[in-house]
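What follows is the residue order along each chain.
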Amino acid sequence: MTVFRPSPPASLAPVQGWVIDMDGVLYHDTEPVPGAAELLAAFTDDGIPFTLLTNNSSLAPDQYSQKLAGMGIVVPEERILTSALATAEYLERTASPGSPVYAIGGDGLMRALGDTQVRVTADYREARHVVVGLNRQLTFQHLQDAVLAIGAGAEFIATNPDLTLPTPLGQIPGNGAIVAAIEAATGRRPLMIGKPEPGIFHWACRQLGLPPDSVACLGDRLETDILGGHRAGMITVFVLSGVSTAEQWEEYEPRPSVSFRGPRELLEAWRQRRV
């Protein structure tokens, strides 16, 4: 039987800033995780900078800010980064102006791509890039067009690899499940932009103006949040309030730097860290 062992408060003493996951840490779909709002309020009161970093590309930062507000969690959109924004930044750097992109995704991804120099197209035949993000209105036509474009030589880009999303009903398919279907049909692996790739964590640390080794990455998913934070050279803080289980935590390598059952327990440790 797994015995989950929370970390002592003193283990949080080096933390000067936070990069915080959203799904499974702050909420489950539309239900807040107990203690999440109070935890962010405590960081604000203590003058500790934080950024919310989500792999979920379906919404834009202003939409996430509104969603959080509806759950009593107040975070301005300027503090919210998404894998959609990171994907758009990648294409802005690497793609030619006007380069056609076939995209599967929600409003967050489409808006992010619309703010770049690339051109989103509905015609897979002219696509030079295929970008795949979470789309809850996914159709077979989307999958077919993406597979045909990639088969014709288009660059295959995925916003993130999360296979599932935590909801009050349980785990539902995430973007990684969509990506897996296209990968299986094409035999091609995508360029992955979001967590656990270290680049997106370094981007978030630059937003905070802090070196990675002084920033804690807070997440519920070992294979994205914790692995990515470790790769980026950050302090990794795991909470058992989302996807990964205590059994997985017990065996996972690399080990999280710090572990708690959820935001409420983390908040108590944060208050006691220098006592």
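Residues numbered from 1 in each chain as written. Predicted model: local features only at pLDDT ≥ 70, side-chain atom pairs only at ≥ 80, totals over all residues. Heavy atoms only, no water.

Student: Honestly, the overall build of the protein chain in this entry has me stumped. Any pointers?
Tutor: A count of helices and strands for the protein chain gives 10 helices and 15 strands. In summary, the protein chain has a C-alpha radius of gyration of 19 Å against a globular reference of 19 Å for 275 residues, a match within 12%. If one aligns the C-alpha atoms of the protein chain with their principal axes, the spans along those axes are about 60 × 40 × 35 Å. Here the protein chain, with 275 residues, has 54% of them falling under the buried criterion. (Helix = DSSP H or I, 4+ residues; strand = E, 2+ residues; numbered from the N terminus. Rg over C-alpha atoms; globule rule 2.2 N^0.38 Å. Buried < 20%, exposed > 50% of the residue type's maximum accessible area, 1.4 Å probe, protein only.)

Student: Would you take a moment to explain the sheet that holds strand β15 (residues 258-260) for this structure?
Tutor: Here 6 strands make up an open sheet; going across it, the order is β5-β4-β1-β13-β14-β15 and the pairing parallel. Both edges of this open sheet fall to β5 (80-82) and β15, since each of them pairs with a single strand only. Averaged over all neighbouring strand pairs, the angle between strand axes comes to 25 degrees, with direction disregarded. Relative to strand β4 (residues 50-54), strand β1 (residues 17-20) is paired through 3 bridges, and the arrangement is parallel. Residue pairing across strands places Ile20 opposite Leu52, the latter belonging to β4. Where helix α3 (residues 83-94) meets the sheet, it contacts β4 and β5, and its direction lies at approximately 65 degrees from that of β5. (Pairing = 2+ DSSP bridges. Axes fitted to C-alpha atoms, helices over the stretch in contact; angles between N-to-C directions. Contact = heavy atoms within 4.5 Å.)

Student: What should I look at first to understand the pattern of salt bridges in this one?
Tutor: A side chain with one charge may pair with a side chain of the opposite charge, provided their charged atoms come close. Under the definition given, this model contains 13 salt bridges. The partner of Asp62 in a salt bridge is Arg111, and the shortest N-O contact between them spans 2.8 Å. Here Asp62 is found in helix α2 (residues 61-69), whereas its partner Arg111 is found in helix α4 (residues 107-114), with 49 residues between them in sequence. When its relative accessible area of 35% is taken as the criterion, Arg111 is described as partly exposed. Glu126 is the salt-bridge partner of Arg119, the closest N and O atoms lying 3.1 Å from each other. One salt-bridge network, held together by shared partners, links Asp21, Lys195 and Asp225. (Salt bridge = Lys/Arg side-chain N within 4 Å of Asp/Glu carboxyl O.)

Student: Explain the nonpolar core here, please?
Tutor: Across soluble globular proteins, you tend to see nonpolar side chains buried next to one another. Trp18, Ile20, Leu26, Leu52, Leu68 and Val237 are the most contacted members of the largest nonpolar core, which has 33 residues in total. Looking at this core, the elements with two or more residues in it are β1, α1 (36-45), β4, α2, β13 (215-219), β14 (235-239), β15 and α10 (263-272). It is α1 that contributes the most residues to this core, 5 residues altogether. Aside from chain neighbours lying at most four places away, what touches Ile20 is Val25, Leu26, Leu40, Phe43, Phe50, Thr51, Leu52, Leu53 and Leu218. One finds Leu81, Ile157, Cys205 and Val215 within the second-largest nonpolar core, a separate group that totals 29 residues. (Core = buried A, V, L, I, M, F, W, Y, C linked by side-chain atoms within 4.5 Å.)

Student: Quick question: what am I supposed to make of the pairing of strand β9 (residues 155-158) here?
Tutor: A regular strand places its side chains so that they alternate between the two faces of the sheet. Alignment of strand β8 (residues 129-132) against β9, held across 4 bridges, turns out to be parallel. Among the inter-strand pairings, His129 is bridged to a residue of β9, identified as Glu155. Taken together, β8, helix α5 (residues 140-151) and β9 form a β-α-β motif whose crossover is right-handed. Alignment of β9 against strand β12 (residues 191-192), held across 2 bridges, turns out to be parallel. The residue of β12 that forms the bridge with Ala158 is Met192. (Right-handed = clockwise from strand over helix to strand, strands pointing away.)

Student: Could you clarify how one ought to interpret the side chain of Ser214 in this entry?
Tutor: Within the secondary structure, Ser214 sits in the loop between α7 (198-208) and β13. Classification of Ser214 by relative accessible area gives buried; the value is 5%. When near neighbours in sequence (up to four residues on either side) are disregarded, Ser214 contacts Pro14, Val15, Gln16, Gly17 and Ile235.

Student: It is not clear to me how the sheet that holds strand β7 (residues 119-120) should be interpreted in this structure. Could you clarify?
Tutor: Paired through backbone hydrogen bonds, the strands of a sheet run either parallel or antiparallel to each other. On the basis of which strands lie adjacent, the open sheet formed by 5 strands has the order β7-β6-β8-β9-β12 and parallel pairing. Each edge of the open sheet is held by one strand with a lone partner, namely β7 and β12. As paired elements, strand β6 (residues 100-104) and β7 share 2 bridges and run parallel to each other. When the sheet's bridge partners are listed, Val101 is paired in β7 with Val120. Contacts between α3 and the sheet are confined to β6, β8, β9 and β12, with β9 contributing the most and set at about 150 degrees to the helix. Contacts between α5 and the sheet are confined to β6, β8 and β9, with β6 contributing the most and set at about 145 degrees to the helix.

Student: Is there a simple way to think about the packing of aromatic side chains in this case?
Tutor: Given two aromatic rings, one states the distance between the centres and the angle between the planes to describe the pair. This structure, assessed with the given rule, holds 6 aromatic pairs. Measuring from ring centre to ring centre gives 4.8 Å for Trp18 and Phe43, while their planes differ by 20 degrees; the resulting arrangement is stacked. With Trp18 in strand β1 and Phe43 in helix α1, the pair connects residues that are 25 residues apart, well separated along the chain. The exposure classification of Trp18 matches that of Phe43, with both residues buried. An aromatic cluster of at least three residues, connected via ring pairs, comprises Trp18, Phe43, Phe50 and Trp270. Positioned above the aromatic ring of Trp249, the side-chain terminus of Arg255 is 4.7 Å from the ring centre. Cation over ring: Arg273 sits above Trp270, and NZ or CZ is 3.5 Å from the ring centre. (Phe/Tyr/Trp six-rings, centres within 6.5 Å; stacked < 30°, edge-to-face > 60°. Lys NZ or Arg CZ within 6 Å of the ring centre and 35° of its normal.)

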